[in-house]
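Understanding the architecture of this molecule
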Amino acid sequence: MADTPDEKPRSDQSVDAICRYYDTLGEGEHDRLTKDVAGRVSFEIHRRFLAPYLTRNQRVLEVGAGPGRFTTVLAEHGARVVVTDISPVQLHLNEVNVAAAGFERAVEARHTLDVRDTSRFPDATFDMVLAYGGPLSYAFEQERQALAGLLRIVKPDGIVVASVMSLWGSWRARFPGATQLALRYGTDVTDAVIRTGDLRHVPGMVHVCRMFTWEQFAALVAECGGEILAGSASNWASLEDPDVLAGIEESPQLWERFLAYETAACASLGARDGGTHILVAARRRG
């Protein structure tokens, strides 16, 4: 989608803010999916969603790779990975963590990359693009340009596995904070966020992004020439009572059964709006 005179500067300022946010967050991003039991469930949902599309010797572009949590997953499956992130700090942490895990040999290169511009890569370059962590949610008005670029650089039988932040799931997961927004800034602000999914409407918001519904994300894939192979929420029942979840984790048998149930629930069409992120696997149509 072409930029309009007043869109690109605003979007560029927002992306600069995202870069600063992740530079400052540092190693905290590495711990996000392991520091508590709900995060560990979300990591497992992401891993299981990705697994059917992994084969040995794939060449993978990882967008928004962060400090390497999924870089190591890709390496464990024998992939050759081109690692990218908008944050130089996160790229450095990726190198440190991947090397510490013993998988640095799997990394072909590391680049600073804005998801809106993949023009440095030729058409049909990769077997897979992995864009976990919601990088498409930071493309703002240029999300079509960004996703079309990801689909362009995969081979004809290649796969794009990506996530975006979920509007309704985030509202559900962070309901107390969302309520405070309405009390502090008024319902005009929260109405604008619900209508657009855009957190830039919140004054002083540090971590800004564009949230999507499943319907919106599916439509975006279709508009960009893609075909959806699978979809999922990133979490569902695991957003409920953390004490109950911690008790389940103590029993290997119950834990494995719970993860199977959670995986099935997240993949069901009725639950895809219910997690903090929406996951999709897509390929180019035809």
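Structure: see above.
These figures come from a predicted structure and were not determined experimentally.

1. Brief notes about the pairing of strand β1 (residues 59-62)
A regular strand places its side chains on the two faces of the sheet in alternate fashion. Across four bridges, β1 lies against strand β2 (residues 80-85) in parallel orientation. Looking at β2, one finds that L61 is bridged to V82. Considered for its hand, the β-α-β crossover made up of β1, helix α4 (residues 69-76) and β2 is right-handed. In this sheet, strand β4 (residues 126-131) lies alongside β1 in parallel orientation, the contact comprising three bridges. Counted as the bridge partner of E62 is L130 from β4.

2. Structural notes on the nonpolar core
Ranked by internal contacts, the top residues of the largest apolar core, which has 35 residues, are V41, L50, L74, L130, Y132, V161 and W255. Going through the elements one at a time, α3 (37-50), α4, β2, α5 (88-100), β4, β5 (154-165), α12 (252-267) and β7 (277-284) are the ones with two or more residues in this core. The biggest single contributor to this core is α3, with six residues. Once residues within four sequence positions are removed from consideration, V41 is found in contact with S238, L245, W255, F258, L259 and E262.

3. Let's talk about unusual backbone geometry
Even without a glycine there, the phi angle at A124 is positive, about 55°. Position of A124 relative to the elements: it lies in the loop between β3 (107-112) and β4. A positive phi angle, close to 50°, is found at F140, a residue other than glycine. Mapping F140 onto the fold places it in the loop between β4 and α6 (143-152). What makes F140 buried here is its relative accessible area of 2%.

4. Re α5
Compared with an ideal rise of 1.5 Å per residue, which puts 13 residues at 18 Å, α5 spans 19 Å between its outermost C-alpha atoms and is within 8% of the ideal. Inspection of α5 places Q90, L91, L93, N94, N97 and V98 among the buried residues, and these make up the whole buried set. End-on view of α5: buried residues confined to an arc of 160°, all on one side of the axis. Of the exposed residues in α5, the ones pointing more than 90 degrees away from its buried face are H92 and A100. One or two residues past the end of α5 sits G102, with phi positive at roughly 85°.

Parameters and conventions
- Residues numbered from 1 in each chain as written.
- Predicted model: local features only at pLDDT ≥ 70, side-chain atom pairs only at ≥ 80, totals over all residues.
- Heavy atoms only, no water.
- Pairing = 2+ DSSP bridges.
- Helix = DSSP H or I, 4+ residues; strand = E, 2+ residues; numbered from the N terminus.
- Right-handed = clockwise from strand over helix to strand, strands pointing away.
- Core = buried A, V, L, I, M, F, W, Y, C linked by side-chain atoms within 4.5 Å.
- Buried < 20%, exposed > 50% of the residue type's maximum accessible area, 1.4 Å probe, protein only.
- Contact = heavy atoms within 4.5 Å.
- Expected span 1.5 Å × (residues − 1).
- Arc of directions from axis to C-beta.

Everything listed is a geometric property; what it means functionally is a separate question.
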